[in-house]
Amino acid sequence: MTTDVASPEPAPAAPPDPRPDRLRAPREAPAAEVSRNPRTGASARGPRHTEPRELAGLLSAAAGDAARIAAIAPALRGHWLRTVADALEEHAEELTALADTETALGPDRLRGEVGRAAAQARFYGEVAAEGGWLDVRIDRAGPGGPADLRRMNRPLGPVAVFGASNFPFAFGVAGHDTASALAAGCPVLVKAHPAHPLLSARLGTLVSDALRAAGAPAGAFALVTGFDAGLALVDAPEVAAVAFTGSQTAGTALVERAARRPVPVPVFAEMGTVNPAVLTPAAAATAAGVTRAATGFVDSFTLGQGQFCTKPGLLLAPRGSGAAEAAAGALAGVRPGWLLTEGIAAAYRQGLADLVAAGARPVARAEAADGAFAAAPTVLTAPADALRPGSRLLEECFGPVALVVEYDGTPHLRDLLGRLQPSLAAAVASGGPADPDLPWLVEHLARQAGRVVVDGWPTGVATGWAQHHGGPWPATSRPDATSVGAAALDRFTRPVAFQNVPEAALPEALRDGDPWNLPRRVDGVRTGGRS
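Read on for an overview of the structure. All chains use their own residue numbering, which begins from 1 and follows the written sequence. Only residues with pLDDT of at least 70 get local features here, since the model is predicted, and only at 80 or more are side-chain atom pairs given and counted; chain-wide, interface and lining totals rely on the full set of residues. Neither water nor hydrogens contribute to the side-chain values; these are computed over all heavy atoms in the structure.

## Some remarks on the sheet that holds strand 19 (residues 525-528)
No. 1: Only strands that DSSP links by at least two bridges are regarded as paired with each other. Counting from the N terminus, the helices are DSSP H or I runs at least four residues long and the strands are E runs at least two residues long. Taken together, the five strands give an open sheet; going across it, the order is 17-4-3-18-19, and neighbouring strands pair in mixed fashion. Each edge of the sheet is formed by a strand with only one pairing partner; in this case those strands are strand 17 (493-499) and strand 19. Taken over all neighbouring pairs, the strand axes of this sheet differ in orientation by 25 degrees on average, direction set aside.
No. 2: The pairing of strand 18 (residues 519-522) with strand 19 spans four bridges and is antiparallel. Across the sheet, the residue bridging to Arg520 is Thr527, located in strand 19. Throughout, an axis means a line fitted to C-alpha atoms (over the contacting stretch in the case of helices), and angles, computed between N-to-C directions, take values from 0 to 180 degrees.

Encoded structure:
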């Protein structure tokens, strides 16, 4: 998640000189990450950067084990992920304390996120074992009919994962991308996030040890550290796909870099934009309805200090509803905190100034916390005509700030929604199931968002079979893909058809005996699978 996860990575440089001795100037000691405490700004030396020869060995191991990992029964890969989940839970308190020193997100939030990451890993193991993602289809040859055709999805190969700053567990080293790629049968190489390098290193060790204990090949997982190592991952011919959660700037740069490879590879970048929320006239008909919506809006956009990719950044409310004033009142109960990194804190301050320069006006601002990377939660308002193409008001400001804009009737609301960038999510605060504006609003928002929420708020993304966490460009680089839920495995596979291939030469999933007990479509009829 965006964004969930804006990553303050600098823009990629030109491709490194292919000669290993030119990748980095000689140093007396290896370069290392720096760990920072958001509350105090204090720094500590983090893990050293992965050197080119070391990275080459990790890539070789991943590529060398890729076919073996792909051929392992999905149920066994489910066992690997359950073992990872057990390790996360066993070390939950240690991980929580370490994460808090690097993120200042608080023990309660982080402890819950460790549990969530463990539950995710188990879920993706269940999805792997169920096997529907393989989409096995068999058309048997008949007398005078077509040839024997058998089709299934196969793993792409090694996947490079770039995790998020704001979800160190759920979208980090052991998060959604890592778990879903392993479930799909792909080796994973994770780039440690510079916002929490010590935590990344510890998670890398735990995941490696757990997979080894579960019997996974050595090339199934590796952690790399350092900006140069991350760029080298994207360039490496062994890497078949890239998964990224973070800022639009960094995500777009990775997409462009991967496209410049001699053999381009897909980049599944979840970046995020402004997620809109709409207060309908029916919901605004009573003071209680306005207060309820304003309180939910403020609670949502300040959750985690506004560092969620699914944060609602804009509330469109009927003119004269008093929604901006109600949001200002709700802001008084918000507890301020700290942003994740010095770069995010500086970008937030600059973003607030830019929003005001673009026509926004502060309605209320909470007191900032004491400390290095503190942020002041803020509610802004702006005239509707300021929402025009190219305006800074239509771009995400990562942190605890949101904008309230009033509309004049349905045609005006339709026009304002049409000016927005596509988004990961959109929300409607309605007057109930019979609200006459719900049908057209849901349909309209579904054309420009990956998830539509009615009478709820988009922060928080449940991991389940029906979840979709994605959206049209520029919210993500691939509108057909999700980074959360059962369909997350689809990103790391491609379909292959086998025609007239003898039984012994077929992948196990396509053999007549169905050794993996998968759901399959045979001659057009669904069959098999676990009951």
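## Looking at the sheet that holds strand 7 (residues 221-224)
No. 1: Overall, parallel pairing links the five strands, which are arranged 7-6-5-8-9 in an open sheet. Lying at the two open borders of the sheet, with one neighbouring strand each, are strand 7 and strand 9 (267-270). This sheet shows a mean twist of 15 degrees between the axes of neighbouring strands, independent of strand direction.
No. 2: Direction of pairing for strand 5 (residues 159-162) relative to strand 6 (residues 188-191): parallel, over a ladder of four bridges. Note that in strand 6 the partner of Phe162 across the bridge is Lys191.
No. 3: Helix 1 (residues 52-71) contacts strand 6 and strand 7 of the sheet and is inclined by roughly 160 degrees relative to strand 7.
No. 4: Contacts between residues were defined by any pair of non-hydrogen atoms, one from each residue, lying within 4.5 Å. The strands touched by helix 7 (residues 227-235) within the sheet are strand 5, strand 6 and strand 7, with strand 6 carrying the most contacts at an inclination of about 145 degrees.

## Here we look at the packing of aromatic side chains
No. 1: In summary, the pairing rule links any two rings of Phe, Tyr or Trp, Trp by its six-membered ring, whose centres are within 6.5 Å, and it sorts them by plane angle into stacked for under 30 degrees, edge-to-face for over 60 and tilted for everything else. This structure, assessed with the given rule, holds seven aromatic pairs.
No. 2: Arranged with centres 6.1 Å apart and planes meeting at 50 degrees, the rings of Phe297 and Trp457 form a pair that is tilted. Separated by 160 residues along the polypeptide, Phe297 in helix 9 (residues 287-302) and Trp457 in the loop between strand 16 (449-454) and strand 17 bring together distant segments of the chain.
No. 3: One aromatic cluster is present, formed by Phe123, Tyr124 and Trp465 through successive ring pairs.
No. 4: Note on criteria: charge over ring means Lys NZ or Arg CZ within 6 Å of the ring centre, with the direction from the centre no more than 35 degrees off the ring normal. Taking NZ or CZ as reference, Arg109 lies 4.7 Å from the ring centre of Phe167, over its face.
No. 5: Here the guanidinium or amino end of Arg414 rests over the ring plane of Trp440, the centre of that ring lying 4.1 Å away.

## With respect to the environment of Asn500
No. 1: By secondary structure assignment, the location of Asn500 is in the loop between strand 17 and strand 18.
No. 2: Only protein chains enter the area calculation, which uses a 1.4 Å probe; residues under 20% of their type maximum are buried, those over 50% are exposed, and those in between are partly exposed. Classification of Asn500 as exposed rests on a relative accessible area of 51%.
No. 3: In the structure, Asn500 is positioned 353 residues away from Ala147 in sequence and 6.3 Å away in space, judged by C-alpha atoms.
No. 4: In this structure, Asn500 is in contact with Ala147 and Asp148, ignoring residues within four places of it in sequence.

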